[in-house]
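In case you want the letters, here they are:
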Amino acid sequence: MSAARKHKRVAASQPGFLSLKGSADNSELGAGRKKRVNKNKKKSWNKHSDIQDVEEFLEDVRLQERATGGLIADKPDESLFFLDIGETKKKKIVPTGEEENKRRKIQRPLKVDLILQPNSHIPAPKDILAYQQPNAKKLRRKEEQAEHLAAKGVVSRRKRLLGLRRAAYAAGTPIREKTVANNNPERGYYDLWGEQPVETRDGFYLEQTKKMLVKRPEKLNEKPSELPAIEVIAPGGSYNPDFFSHQALLQEAHDVEVKKVKAEDRLERQLAVNRKELATEEDTFKEQIQGLLEEEEGEEEEKDVTEETAEDEEDTGVVPSAQQEKKTEKQRRKEKADKLKEQERLSARVLSGRRQQLFQLRSIKQDLQKREKRTHLRQSQRKINQLAEKTQPRRLGRLKFQTPDLEVQLSDELAGSLRRLKPEGNLLKDRFKSFQKRNMIEPRERAKFKRRYKLKYSEKRAFKAVT
């Protein structure tokens, strides 16, 4: 590419170079005296450098390439000129009816289509991507590795399996049947709700990959909660309930409210300030003079400590560790004998305890029976608790599940008829709480909007003028 460009520049620089555009006279451009400027910086160079003549020359070269496919100076005469010998007279042939119809049916291109057609003689650039191969380097490296292994006599796994299949085919072993396509109308009917599942695994796939299909875990078949999807409200929540059932529902709602009130009272008692623990004037005064009597108290404490240590030494008669004498051989033998006697006494006590247990077999048996009974009771209680936990909401997130309030109507609010019944609650909230209760989603709370920047109030001029 560089050689072709160089050839074009050389050809254009020759005195016989033909230009398609008219160029201005260089003598007129250079008539005035040019201003001398400093061009040692890029900014000044770009500002004061005049490359208009170079741009016009390159544009003329590009125009010749588009119009004629190259420089006009390099074109032969046969391609630029032709001999005009006039129009040749042809014998006029009268067209028949069919030929006239064919000539009329010929559709000539419109002028707008001819304008839009490309008229450049420059060939399209070579598409390099069309000659490239994806992962060519990787494939070439694999081929080289295969040739290297083949030279050593090592056969790849693919060729080895292919050889085994060919040998089996030559021996008359039945060939694996091909799987039927999904869009084949002759394919067997698959019952989605059938009891026995249809075997869809391919034996050849399992043989080649040495893998089995993923088995669905049994835990996925278990429900997260034993509660029903829709819980029926108590009989007292009907629009025309029985008196006793309605009173039972009211009592249940009353107990819930009492628990809430007790929890609030307990919290207030815990957060209440105890008057007895408040600081008095005497306490504040002691705190204020706390650092004034440090020296006197320190001297008194040192005197007390020295007196106590002297009294302890006189009472116990113990000499400090630096002044203690070294033990004699007799004292060490005595200590060793005392330790052996203590060990013998403990071992004899353990042996006597084991012998005594022989006479306590009945009581030991009773203790074992009581322990087994206690173990069975605990196991049964644990199973009962596990069954009860399946009907209770679990802790799935940082928030705890809050039981919604009971929808209860007082006695004077009962409608007694569906026409005068006022709807209560929200179906969407009820379903959302049901999902949380059945451990399908974690308990959530509405996101709180927190303003990042404070609002700024300003009075406009028009508002000030009115007020």
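Here the structure is a predicted model, which means the values were calculated and not measured.

J.: Help me understand the overall build of the protein chain, please; the structure alone is not making it clear to me.
T.: Within the protein chain, the secondary structure is distributed over 17 helices and zero strands. Across the 467 residues that make up the protein chain, the buried fraction comes to 6%. Considering only contacts in the protein chain between residues 6 or more positions apart, those separated by 24 or more positions represent 67%. Roughly 47000 Å² of accessible area belongs to the protein chain as shown, and the carbon and sulfur atoms make up 53% of that amount.

J.: Any chance you could explain a negative patch on the surface here in plain terms?
T.: On the surface, Glu407, Asp412, Glu413 and Glu424 cluster together into a patch of negative charge. Summarising the element assignment, glutamate 407 is placed in the loop between α15 (361-390) and α16 (427-437). Residue glutamate 407 is classed as partly exposed on the basis of its relative accessible area of 44%.

J.: Help me out: how do you make sense of a nonpolar patch on the surface in this one?
T.: Among the surface-exposed residues, Ile51, Val54, Phe57 and Leu58 lie close enough to one another that they form a single nonpolar patch of about 310 Å² accessible area. Overall, the relative accessible area of 36% leaves leucine 58 in the partly exposed class.

J.: Explain unusual backbone geometry to me, please; I cannot follow it from the model alone.
T.: Residues apart from glycine generally show negative phi values, whereas peptide bonds are mostly found in trans. Although it is not a glycine, asparagine 135 adopts a positive phi angle of roughly 55 degrees. Within the secondary structure layout, asparagine 135 lies in the loop between α7 (111-116) and α8 (136-152). You will see that asparagine 439, though not glycine, has its phi angle at about 60 degrees, which is positive. In this structure, asparagine 439 sits in the loop between α16 and α17 (461-466).

J.: Please clarify how the environment of leucine 421 should be interpreted in this entry.
T.: Relative to the elements of secondary structure, leucine 421 occurs in the loop between α15 and α16. When the C-alpha atoms of leucine 421 and tyrosine 239 are compared, they prove to be 7.0 Å apart, with 182 residues separating the residues in sequence. Setting aside anything within four residues of it in sequence, one finds leucine 421 in contact with Tyr239, Gln409 and Ala415.

J.: Help me understand the pattern of salt bridges in this model?
T.: Opposite charge on two side chains makes pairing possible when the charged atoms of those side chains draw close. This model, assessed by the stated rule, comprises ten salt bridges. As a salt-bridge pair, lysine 260 and aspartate 405 come within 2.9 Å of each other at their nearest N and O atoms. With a gap of 145 residues between them, lysine 260 in helix α11 (residues 243-271) and aspartate 405 in the loop between α15 and α16 connect regions that are remote in the sequence. Look at aspartate 405 and you get exposed, because its relative accessible area is 54%. Aspartate 430 is the salt-bridge partner of arginine 431, the closest N and O atoms lying 3.5 Å from each other. For aspartate 430, a relative accessible area of 42% corresponds to the partly exposed category. A single network of salt bridges, built from pairs that share partners, joins Glu59, Arg62 and Arg66.

J.: Hey, could you run me through the packing of aromatic side chains in this one?
T.: Geometry of an aromatic ring pair is reported as the spacing of the ring centres plus the angle between the planes. Summed over the entire model, instances satisfying the criterion amount to one aromatic pair. Consider the rings of phenylalanine 243 and phenylalanine 244, whose centres lie 5.5 Å apart with planes at 80 degrees: the pair is edge-to-face.

J.: Looking at this structure, how should I read a positive patch on the surface?
T.: On the surface, Lys137, Lys138, Arg140, Arg141 and Lys142 cluster together into a positively charged patch. Here lysine 137 lies in helix α8.

J.: Is there a simple way to explain the layout of surface pockets in this structure?
T.: Unoccupied space between atoms shows up once a probe the size of one water molecule is rolled over them. Roughly 1800 Å³ of volume is contained in the largest pocket. Along the walls of the largest pocket sit 49 residues, with Pro404, Asp405, Leu406, Glu407 and Asp430 positioned nearest its centre. Listed by contribution, the elements that provide at least two residues to the lining of the largest pocket are α11 and α16. Partitioning the lining of the largest pocket into residue classes produces 20 nonpolar, twelve polar and 17 charged.

J.: Please explain the confidence of the model for the protein chain as it appears in this structure.
T.: Looking at the protein chain, pLDDT values average 80 and 75% of them are 70 or higher. Overall, residues 23-31 carries pLDDT values under 50, and its contacts beyond four positions in sequence, including any with other chains, amount to zero contacts.

J.: What am I meant to see in α11 here?
T.: Every α-helix carries 3.6 residues per turn, so stepping three or four residues along brings you back to the same face. Compared with an ideal rise of 1.5 Å per residue, which puts 29 residues at 42 Å, α11 spans 42 Å between its outermost C-alpha atoms and is within 8% of the ideal. Along α11, the residues that are buried comprise His246, Leu249, Leu250 and Ala253.

J.: Which parts of the structure should I look at to understand the side chain of histidine 246?
T.: When you line up the elements, histidine 246 lands in helix α11. Here the side chain of histidine 246 touches glutamine 409 through a polar contact of 2.7 Å, landing on its backbone oxygen. Apart from residues lying up to four places away in sequence, histidine 246 is in contact with Gly236, Pro241, Gln409, Leu410, Ser411 and Leu414.

J.: Would you take a moment to explain helix α4 (residues 52-68) for this structure?
T.: Its 17 residues place the ends of α4 24 Å apart at the C-alpha level, agreeing with the 24 Å of an ideal helix rising 1.5 Å per residue. Within α4, burial applies to Asp60, Val61, Gln64 and Glu65. The buried residues of α4 all sit within an arc of 135 degrees when viewed along its axis, so they share a single face. In the stretch just after α4, glycine 69 is the one whose phi turns positive, near 85 degrees.

Rules and cut-offs
- Residues numbered from 1 in each chain as written.
- Predicted model: local features only at pLDDT ≥ 70, side-chain atom pairs only at ≥ 80, totals over all residues.
- Heavy atoms only, no water.
- Helix = DSSP H or I, 4+ residues; strand = E, 2+ residues; numbered from the N terminus.
- Buried < 20%, exposed > 50% of the residue type's maximum accessible area, 1.4 Å probe, protein only.
- Contact = heavy atoms within 4.5 Å.
- Areas by Shrake-Rupley, 256 points an atom, 1.4 Å probe, with all protein chains shown as cover.
- Patch = residues over 30% accessible without salt bridge, like charges linked within 9 Å, V, L, I, M, F, W, Y side chains within 5 Å.
- Salt bridge = Lys/Arg side-chain N within 4 Å of Asp/Glu carboxyl O.
- Lys, Arg positive; Asp, Glu negative; His and termini not counted.
- Charge placed at Lys NZ, Arg CZ, Asp CG, Glu CD.
- Phe/Tyr/Trp six-rings, centres within 6.5 Å; stacked < 30°, edge-to-face > 60°.
- 1 Å grid on protein atoms, 1.4 Å probe; cavity = no way out; pocket = protein on both sides within 12 Å on 5 of 7 lines; lining within 4 Å.
- Points joined across faces, edges and corners; volume = space filled by probe spheres on them.
- Nonpolar A, V, L, I, M, F, W, Y, C, P; charged D, E, K, R; others polar.
- pLDDT = per-residue confidence, 0-100.
- Expected span 1.5 Å × (residues − 1).
- Polar contact = N/O pair within 3.5 Å; in protein donor to acceptor, adjacent residues only side chain to side chain.
- Arc of directions from axis to C-beta.

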